[in-house]
Structures are given as structure tokens and as C-alpha cells.
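Survey of secondary and tertiary structure
Here are the chains, one letter per residue:
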Amino acid sequence: APLSALGCYRIGEDGRLYLTTKSEHYHTPLGHAFPGYALLERARALGIPNATHNNTRGFITRRLEEELIRTANGLPRGDAAALGGVLSREDDLYTLNRVLNLETGSLAAEAALKLLLSRFYRMQPDMPEPKYHGRKPVLLVMGNDDGGLQANYHGTTMLTQMMRGMWPEAQAALAAAKMWKVVPIRPNRLDDLDRAFAAYDSGECKIAGFFHEIIMMNYGGRRLTPEFLQYAHALCQKNDVPTVVDEIQSCMWAPQLYLFREYGLKPSCVAIGKGFPGGEYPASRLLFSAALDVMPQFGALVTNGQEELASLAYLVTMEWAQANAAVTAALGQRFEREVRALAADFPRLVAGVDGWRHMTTIRFAALEQAVAFAATLTQRGLDISAQTYKADCPPAVLTKLPLIAGRAAIDFVTGAMRQALREIAAQGQGTP
């Protein structure tokens, strides 16, 4: 077909028109063929090369790095003195003032893990002895409601897979050799945090870091509360523990670009990607503290991480998102409010609503209800799916509306959801 996708819509394999209700699996906040990305073609026509490397990155990438640090610290535009002050901080573990340019969220999370482990192990033989050399690093990660590891997701590299319970024999061998330990924290459980710090931040052990998402899109869209995360970050700061906020899912959908700023957090590392380049390029970034800036030249490097056009895609998306922040925040609130209202009308079907604004998710009482709900909406042209691949995760239907979705699109989605719930209830799977 000459036209496959435009704005919030795409043509599916079956030739039917679909609304991108999950933003093409979370990475197209501005939809398809957004006019602003025409700047990428203009840059290419001007002769700006995309193929670059660490020591040849150009003005656009350097400009992006400054803009990422400015926005991550909430600094006003044009305040060079404030930006210079942030960039000059060398020893503050909780000031974001360095940028590592990568390609995927997996690599960004892996790079953060390397920085945390570098406080325990030398990356190269000629490096000085790390601060916590000789102590056993313990990583805190988000776990399931029953205390298992499977709820968190920080990519597909081997070490981060171990953090979510994969490679169990290798994990056990590392723990037995006292090389590291991974400890799950149940969502929003302050008592788990207290127990972990009491047990693992003294003696031969030292908590190496706290890894977390804010919206756990791989665990039913579970939202970690501000109270929980503020408490966790305060504990970490008190005990010299780096914090890693994995914002691969939530970045760009927050009015301040990063959801951690809405929560009032000051992390040591922030992984971003997906939404920032708007689906135009694979491009992730790790924002981190200069106090962790110890990696050698090839410690975390990808050939295409400095692509100028990918950096330009970031800047275009960021410009639009900042200019429209008030509108998108109101629309996201409207969507969440409407979903919560319709869920309240079907208590025997809907077990709860989670997530946040455009990333609102619906939990169902039974797996077959979630599957039927998603299938009904797909037939109506909504690209949507049920999360059913984790046995210990309540069946949930996930959404992530594009930021460009207006009021009419939101009302269409919630109207289709209400009608689908009515039909399922009429079939005897639950009554309103």
C-alpha cells in the first residue's frame, strides 16, 4: 500500500485501519509521519552526516547532551550559569550531569549496572581500588507481590536478565561465590526496604544500588507510589547507595519529560530511550552522576551511539513535548479518569486500574476476561493486547496512547472499552 501509517493510525497486516493504542509498543509519542521530523531530511540534505563515533560526535549531539542535562535538572532555558554549575559538580552522587550515548534501553540499563559494580570491582587491572572493594555487592530490584524476581525488566543483556530471575543456576553460582546478590523488593512495601537495608548494608555486604522503573509495564502497569520511591531514595542517599531509575517506558510521556521529576526524586542514573527519538532511530541515553564517571573508553560503547540525526530526532520530540506539556497532561488525566470511571461500573469484571495517565492499564478478575476484552477492542480497530505471559501477574490490558491523541481519540477509546465491557458482561462473564 502507498500509505501504511499516519499520525495515530496504521494499516495492519490484514489491511484494516488500527488506532495505535499502545504507541507501537511504547516508542511513538508523536505518531507516524510527524511533520517536525522533516528536519531530519533537511539536515541530511544539508550534508550533516549520521555516521559518527565517540571522538567525532558533532554539534547536534553535543547540543542534545546539554539539553538532556538541563531538562533532567529542571533548569530554565538559556541559564548558562546554572547549567555550568550543574556540570561542574564532581562528587555529588545524586546530580545528573553526564550523558552516555547508546542505542537500546538494554544497553543503557547494562551501562548503569556496570557503573554500580565499578564501586566494588575494577573494570581494568590498572584502575585504582574501588571504594567498596572486598565487600559483596547486593542489588535491590523490584519484585513480584509474592517476593519473586520476575516483575522487574531492565533489558535483555545477561546480567540484567539475572536481575529478573533468569539464568537461575548462574545466579546461584555468583551468589555462592559472594560475587553479588539480587534482592527483590515487593511493590510499594516500605517494610521490605527496611529489612533489606538492615540485612545487607553492613558487614561483608553492601547495597550496590536500587534499580526500579516507575510504571512497571511488564508487571501489569503497576505504578510505584511517590511515597514508596521517596522513602527508598532517602534511604539510599543516607547510606551512599546509587539509585537507577529506568525510564525507558515512562520517559517523554511525563510533562517534564521524565516521570522521576514529577516524583521529586534525585537519582544517580536515569535510562531513557524509546519515546525520545520518536521511533525514527534506535537511540538510548544514560544520564548519570559525574561521581560514577569511571568507565574506560570502551567500557560501554556502541558504534552508532553518536548519530547526529538520531540526536536531532530527540531534540524535535523534546521541543514539541515541552511546548504542549500542559495540554498533554490534561488529556492524560482525562483518559485515566474516564478509564477509572468505567472500571467502577463493572466491578465483577475489572479488578482494578493501574498505571498513569496515557499509560493507564486495566486489571481483570480472570484471564479469560482480559483476553476477551483485548480481542473485542482489536476487532474494533484498537491496537491493544492483554499481558498474559506471566503466571504471577494479574491479567491486565495495557495502553499507552500517543501524546498527539486528542480528546476525540481518547473518547473513542474509552467508549469502545465501555461497549466491550458491556458485551462481556452480557455473555455472563460478569455483570455491571
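Here the residue numbering is sequential within each chain, running from 1 through the sequence in written order. Thresholds applied to this predicted model are a pLDDT of at least 70 for local features of residues and 80 or more for the giving and counting of side-chain atom pairs; totals over whole chains, interfaces and linings are not thresholded and use all residues. Side-chain descriptors were evaluated using all non-hydrogen atoms of the structure, hydrogens and water having been removed beforehand.

1. Topic: the packing of helix 8 (residues 190-200) against helix 9 (residues 226-238)
Only the stretch in contact is used when a helix axis is fitted, and all axes are lines through C-alpha atoms; the angle between N-to-C directions ranges over 0 to 180 degrees. A run of H or I in DSSP counts as a helix once it spans at least four residues, and a run of E counts as a strand once it spans at least two, with each numbered from the N terminus. Axis separation between helix 8 and helix 9 bottoms out at 10 Å; the angle between their running directions is 15 degrees. Taken as axis vectors, helix 8 and helix 9 run roughly parallel relative to one another. Crossing hand, helix 8 versus helix 9: right-handed. Contacts from Leu190, Leu193, Asp194 and Phe197 in helix 8 reach Glu227, Phe228, Tyr231, Ala232, Leu235 and Cys236 in helix 9. For the contact of helix 8 with helix 9, a count of residues per class yields 8 nonpolar, no polar and 2 charged. When describing relative orientation, an angle under 35 degrees is termed roughly parallel and one over 145 degrees roughly antiparallel, while 65 to 115 degrees is termed roughly perpendicular and anything else oblique. Left-handed describes a crossing whose near helix is turned anticlockwise from the far helix through less than a right angle; right-handed describes the clockwise counterpart. Every residue pair with non-hydrogen atoms within 4.5 Å of one another is taken to be in contact. Think of it as three bins: nonpolar holds Ala, Val, Leu, Ile, Met, Phe, Trp, Tyr, Cys and Pro, charged holds Asp, Glu, Lys and Arg, and polar takes everything else, Gly as well.

2. Some remarks on the pairing of strand 5 (residues 136-142)
Residue exposure (1.4 Å probe, protein chains only): buried if accessible area is under 20% of the type maximum, exposed if over 50%, otherwise partly exposed. Where burial is concerned, most of strand 5 is hidden: 7 out of the 7 residues are buried. Of the two faces of strand 5, the one holding Lys136, Val138, Leu140 and Met142 and the one holding Pro137, Leu139 and Val141 are both buried throughout. Note on pairing: two strands pair once DSSP finds at least 2 bridges between them. Where strand 5 and strand 7 (residues 205-212) come together, 5 bridges link them in parallel fashion. When the sheet's bridge partners are listed, Val138 is paired in strand 7 with Ile207.

3. Focus on the sheet that holds strand 15 (residues 385-387)
Taken in spatial order, the 4 strands line up as 13-14-16-15 in an open sheet, and their pairing is antiparallel. Both edges of this open sheet fall to strand 13 (350-354) and strand 15, since each of them pairs with a single strand only. Taken over all neighbouring pairs, the strand axes of this sheet differ in orientation by 30 degrees on average, direction set aside.

4. A look at the sheet that holds strand 6 (residues 181-185)
As summarised here, the arrangement of the 7 strands in space is 4-12-11-10-7-5-6, forming an open sheet in which the pairing is mixed. In the strand order of this sheet, the two ends are held by strand 4 (98-101) and strand 6, each with one partner. Going across the sheet, the axis of each strand differs from the next one's by a mean of 20 degrees, ignoring polarity.

5. Points about the side chain of Asn97
Among the secondary structure elements, Asn97 is positioned in the loop between helix 4 (80-87) and strand 4. Assessed through its relative accessible area of 3%, Asn97 is described here as buried. Counted as a polar contact is a pair of N or O atoms within 3.5 Å, where, for protein atoms, one must be capable of donating a hydrogen and the other of accepting one, and residues adjacent in sequence contribute only when both atoms are in side chains. From its side chain, Asn97 meets the backbone oxygen of Val86 in a polar contact 2.9 Å long. Ignoring anything within four residues of it in the chain, the contact list for Asn97 reads Ile69, Val86, Leu87, Arg89, Phe288, Ser289 and Ala290.

6. Side note on the layout of surface pockets
For each structure, a 1 Å grid was placed over the protein atoms alone; sets of points admitting a 1.4 Å probe that cannot get out are labelled cavities, open sets with protein on both sides within 12 Å along at least five of seven lines are labelled pockets, and lining residues have an atom within 4 Å of a point. Grid points are joined across faces, edges and corners, and a volume is the space filled by probe spheres set on the points. Quantified by volume, the largest pocket comes out at close to 470 Å³. Lining of the largest pocket is provided by 32 residues; of these, His25, Tyr153, Ile248, Gln249 and Lys274 occupy positions nearest its centre. Elements supplying a minimum of two residues to the lining of the largest pocket: helix 1 (23-26), helix 5 (105-117) and strand 15. Considered as a void within the structure, the second largest pocket measures approximately 350 Å³ in volume. Taken together, 21 residues form the lining of the second largest pocket, with Arg57, Glu65, Val99, Leu100 and Asn101 sitting closest to its centre. Ranked by residues supplied to the lining of the second largest pocket, first place goes to strand 4 with 4 residues. Of the residues belonging to the lining of the second largest pocket, the class tally is 10 nonpolar, 6 polar and 5 charged.

7. Let's talk about the nonpolar core
Core analysis: the biggest nonpolar cluster contains 72 residues, and Leu68, Tyr258 and Phe276 have the highest contact counts within it. Of all the elements, helix 11 (residues 308-323) adds the most residues to this core, at 9 residues. Not counting chain neighbours up to four residues away, the residues in contact with Tyr258 comprise Leu68, Thr71, Ala72, Glu247, Ile272, Phe276, Leu287 and Met318. Among the buried residues, those of types Ala, Val, Leu, Ile, Met, Phe, Trp, Tyr and Cys that are joined through side-chain atoms within 4.5 Å form a nonpolar core.

8. What to know about the packing of helix 3 (residues 59-72) against helix 11
It is at 8 Å that the axes of helix 3 and helix 11 come closest, and there the two elements cross at 35 degrees. Considering how the two elements wind past one another, helix 3 and helix 11 form a crossing that is left-handed. Residues Phe59, Ile60, Thr61, Arg63, Leu64, Glu67, Leu68, Arg70 and Thr71 of helix 3 form the contact with helix 11, whose participating residues are Glu308, Ser311, Leu312, Tyr314, Leu315, Met318 and Gln322. In terms of residue class, the contact of helix 3 with helix 11 is made up of 8 nonpolar, 4 polar and 4 charged.

9. Regarding the packing of aromatic side chains
Stacked, edge-to-face and tilted labels apply to pairs of Phe, Tyr and Trp rings (six-membered ring for Trp) whose centres lie within 6.5 Å, assigned for plane angles under 30 degrees, over 60, and everything in between, in that order. Under the criterion given, the structure shown has 7 aromatic pairs. Summarising the aromatic geometry, the rings of Phe34 and Tyr37 are spaced 5.4 Å apart at their centres and angled 70 degrees between planes, so their arrangement reads as edge-to-face. Comparing Phe34 with Tyr37, the two get one shared label, buried. Judged by centre distance (5.6 Å) and plane angle (45 degrees), the ring pair of Tyr258 and Phe260 falls under tilted.

10. Observations concerning a nonpolar patch on the surface
Like-charged residues are merged into a patch within 9 Å and nonpolar side chains (Val, Leu, Ile, Met, Phe, Trp, Tyr) within 5 Å, provided each residue has over 30% relative accessible area and no salt bridge. Under the convention used here, a 1.4 Å probe and the Shrake-Rupley method define accessible areas, while residue burial counts only the protein chains that appear. Here, a salt bridge means any Lys or Arg side-chain nitrogen found within 4 Å of an Asp or Glu carboxyl oxygen. Where nonpolar side chains cluster on the molecular surface, the patch consists of Tyr9, Ile11 and Leu17 and spans about 270 Å² of accessible area. Relative to the helices and strands, Tyr9 resides in strand 2 (residues 9-11).

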